[in-house]
Amino acid sequence: MLGRMERGSRRSGVTVGALMLAIGLAMLVLARASAQVVVLLAAAGLIVAGAGRLLGVREPGPWRARWLDVVLGVGLLAAGGIAALWHTAPLRVLAWVLAGMLVASGLAAVVQALRAPSVPHVDDALGPIPGSERVAGVLGGTASVVVGVLVLFWPRLSLAVFALVVGFWLTFAGLGTLLGALRGHRTARRRTLSDDGAPGNRAPGRTPTLARPPARSQLAMVRSGLALLLALALAAATVAVHNLDLRDEPDSFYTAPLAVPGEPGRLVRAEPMPADRVPDGLRGWRILYTSTSGGGEPTVVSGTVLAPPVGTPPARAENGGGADDGAPGGVSTAMPVISVAHGTTGIIPRCAPSLADDPFADGAGAALEQIVTEGWVGVTSDYVGLGTPGPHGYLVGPDAAHDVLDATRAARELEGLELSGQTVVWGHSQGGHGALWTGMLAPEYAPELDLLGVAAFAPAADLYPLAQGVRATTGGKLVSAYIAASWTRYYPGFELSELVAPGYVGLVHRIEGHCFNGANALGAFAIASQL
């Protein structure tokens, strides 16, 4: 009776292992097929794996956790059935199924390895488990648990990644099941032919030698150890990607005094920037100044000023604009201004460009060093809510325009710096949007400035069609998350839960905590890819 059970179990193991291996390889080959094909293959693989678990309950050996095989088998069958019936479900849902499967399988492998005996049992057809194989089971199970947890951090797996993860799992699990069944068949033959070659003639009290070959057990341990190292490396990379920037929080410089000037464009305080944060040979300051919101409310904003060395002749901005008949000798020493409206850096105070390790490396300011060297003065507003307390009105045009214009006004109060009224506004992306608004509002809001022109690179000019056009891209999701988080703080009556699909508010808040122009830009994109 026992022999028939063993033979049936081995045949089942060969069949299940071969099917899992075939399905896994098919998923790897068809990773870029349609979602329906991939999900249905995954469902078939889960059903086969679950059936294999249930068939494995009949394997003899008192150390096996039979109840765990039953639970896992039923769970895998259920997961496969759900995937087959719900193959049009979002991959985020299927990813949770995959995560549960990996964690459960890993825990089962650990429990099985820890329960395995180190000495043979008389009725144990599988024989004793060497220490190296016990370690291999623990390592492999732990790796499966780690990968399962990682899936929860990346819930919206792409179709190709989903296919690869499930395909590799089915391939390796099927290969292990197939090899284990074939090895059990060879072991049973050796046991049958032992004891002087006569079946059933084993001496009383004699225990058969059924231990796995040491080399094979050690190979399994090495393989499982490498799998765990890879899983831990992926976990470390995930933690690194999702960690927030380590840049400094705004210091006391960004806190306005109790009494500030009532009119916009006045300098509240200024201080020279450290030499290692200013291009060689140039002078830099960070400034705090007054401005107004689009609604006319007084605000305090921070920014930076970059100037050429003392004695540099001013640039000729327009038709000999450096000339001034009213100045001694007919030549003015006042320098024209290039006012940089910076692109997206984030929406929280510590994302201010003036707090970055390289404050003048923004997209629109990439050539600022060369321009300033030629006799211009570069002025960059951080915008309200970046550096200074928020909220930051992300892509709120009037606020950005006032901040840009008032930064130029305030820079004119710096000691040792003479600025003319001639100004060019230059912006990229969010800054392109702000630059266009600056051009529209400058004649009324700051008529004393001689606005020579506006250069707007890739401006976020028409927000509604822009949002519609990019919402399927990772960058578009990131921008949408910034807009949603910013506007719900900026505009009364907006609720984030009403602007974001159910279940994604937490991801939007995580994106909100990431800056876009520093080491953590990758983290912002990674989280946005899950929306």
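Student: Before we go on, may I ask you to explain the sheet that holds strand β6 (residues 419-428) in this structure?
Tutor: Taken together, seven strands build an open sheet; the order of strands is β1-β2-β3-β5-β4-β6-β7 and the sheet is mixed. Two strands in the sheet have a free side with no partner beyond their single neighbour: β1 (267-272) and β7 (450-457). When strand polarity is set aside, the average angle formed by the axes of neighbouring strands in this sheet is 25 degrees. Relative to strand β5 (residues 377-381), strand β4 (residues 335-341) is paired through five bridges, and the arrangement is parallel. Bridge assignment links S339 to a residue of β5, and that residue is V379. Against the sheet, helix α9 (residues 397-411) touches β1, β2 (283-292), β3 (298-307), β4, β5 and β6, its axis set at about 125 degrees to β2. Sheet strands in contact with helix α10 (residues 430-445) are β2, β4, β6 and β7, and its direction is about 160 degrees off that of β7.

Student: I'm lost on the environment of V470 in this one. Help?
Tutor: Looking at the secondary structure, you find V470 in helix α11 (residues 463-470). On the basis of relative accessibility, which here comes to 27%, the residue V470 falls in the partly exposed class.

Student: What's the story with the state of the cysteines in this structure? I'm lost.
Tutor: Here a disulfide denotes a covalent bond joining the sulfur atom of one cysteine to the sulfur atom of another. Here the structure, examined in full by the defined rule, presents one disulfide. Here C351 connects covalently by a disulfide to C515, the sulfurs 2.1 Å from one another. In this structure, the disulfide formed by C351 and C515 twists by about -90 degrees around the S-S bond and is classed as left-handed. Placement of C351 in the loop between β4 and α8 (368-373) and of C515 in the loop between α14 (505-512) and α15 (521-528) is noted, with a sequence separation of 164 residues between them.

Student: I tried to follow the nonpolar core on my own but got confused; where do I start?
Tutor: Nonpolar side chains tend to gather and get buried jointly when the protein is soluble and globular. Of all hydrophobic cores here, the largest spans 35 residues; its most connected members are Y482 and I511. When contributions to this core are tallied by element, the ones reaching two or more residues are α9, α12 (474-490), α14 and α15. Broken down by element, the residue count for this core peaks at six residues, all from α12. Core analysis: the second largest hydrophobic core is formed by 21 residues, A49, L76, A79 and V166 among them.

Student: Help me understand the confidence of the model for the protein, please; the structure alone is not making it clear to me.
Tutor: Detailed reading of the predicted model is not advised wherever pLDDT is low. Of all residues in the protein, 78% have pLDDT values of 70 or greater, and the mean over the chain is 80. Every residue in residues 319-329 scores below 50 in pLDDT, and together they form eleven contacts with partners more than four places removed in sequence or on other chains.

Student: Sorry, what's going on with the packing of α12 against α15 here?
Tutor: Describing two packed helices takes the angle between their axes plus the distance from one axis to the other. Contact geometry for α12 and α15: axes closest at 8 Å, N-to-C directions at 95 degrees. Regarding the angle of α12 to α15, the classification is roughly perpendicular. Within the contact between the two elements, α12 uses T474, G475, K477, L478 and Y482 and α15 uses A524, F525 and A528. Partitioning the contact of α12 with α15 into residue classes produces five nonpolar, two polar and one charged.

Student: I would appreciate a short explanation of a nonpolar patch on the surface in the present structure.
Tutor: On the surface, V14, L175, L179 and L182 cluster together into a nonpolar patch covering about 280 Å² of accessible area. The residue L179 is located in helix α6 (residues 159-192) in this model.

Student: Would you mind going over the packing of aromatic side chains with me for this structure?
Tutor: Any pair of aromatic rings gets described here by the distance separating the centres and the angle formed by the planes. As enumerated under the stated definition, the model contains eight aromatic pairs in all. Measuring from ring centre to ring centre gives 4.8 Å for Y490 and Y491, while their planes differ by 80 degrees; the resulting arrangement is edge-to-face. In this structure Y491 comes out as partly exposed when scored by relative accessible area, which is 32%. Relative to F525, the ring of F516 lies with its centre 5.4 Å away and its plane at 50 degrees, an arrangement referred to as tilted. The class of F516 is partly exposed, set by a relative accessible area of 26%. Members of the aromatic cluster, joined through ring pairs, are W487, Y490, Y491 and F494. Over the ring of F253 we find R269, and its NZ or CZ is 5.9 Å from the ring centre. The positively charged end of R286 is found above the aromatic ring belonging to F253, 4.4 Å away from the centroid.

Student: Got a minute to help me understand the pairing of β4 in this structure?
Tutor: Along β4, seven of the seven residues are buried, which leaves the element largely enclosed by surrounding structure. Here β4 runs beside β6; their pairing, made up of six bridges, is parallel. Within β6, the position partnered with S339 by the bridge is V425.

Student: What exactly am I supposed to notice about the pattern of salt bridges here?
Tutor: Close approach of charged atoms allows side chains with opposite charge to pair. Evaluated as defined, the whole model comprises eight salt bridges. E249 is paired through a salt bridge with R350; the nearest N and O atoms lie 3.6 Å apart. Of this pair, E249 sits in the loop between α7 (214-242) and β1 while R350 sits in the loop between β4 and α8, and the two are 101 residues apart along the sequence. Measuring nitrogen to oxygen at the nearest pair gives 2.7 Å for the salt bridge that ties R409 to E448. In this pair, R409 is assigned in helix α9 and E448 in the loop between α10 and β7, connecting sequence segments 39 residues apart. Taken together, the salt bridges that share partners define one network made up of D251, E271 and R286.

Parameters and conventions
- Residues numbered from 1 in each chain as written.
- Predicted model: local features only at pLDDT ≥ 70, side-chain atom pairs only at ≥ 80, totals over all residues.
- Heavy atoms only, no water.
- Pairing = 2+ DSSP bridges.
- Helix = DSSP H or I, 4+ residues; strand = E, 2+ residues; numbered from the N terminus.
- Axes fitted to C-alpha atoms, helices over the stretch in contact; angles between N-to-C directions.
- Contact = heavy atoms within 4.5 Å.
- Buried < 20%, exposed > 50% of the residue type's maximum accessible area, 1.4 Å probe, protein only.
- Disulfide = S-S within 2.5 Å.
- Core = buried A, V, L, I, M, F, W, Y, C linked by side-chain atoms within 4.5 Å.
- pLDDT = per-residue confidence, 0-100.
- Parallel < 35°, antiparallel > 145°, perpendicular 65-115°, else oblique.
- Nonpolar A, V, L, I, M, F, W, Y, C, P; charged D, E, K, R; others polar.
- Patch = residues over 30% accessible without salt bridge, like charges linked within 9 Å, V, L, I, M, F, W, Y side chains within 5 Å.
- Areas by Shrake-Rupley, 256 points an atom, 1.4 Å probe, with all protein chains shown as cover.
- Salt bridge = Lys/Arg side-chain N within 4 Å of Asp/Glu carboxyl O.
- Phe/Tyr/Trp six-rings, centres within 6.5 Å; stacked < 30°, edge-to-face > 60°.
- Lys NZ or Arg CZ within 6 Å of the ring centre and 35° of its normal.

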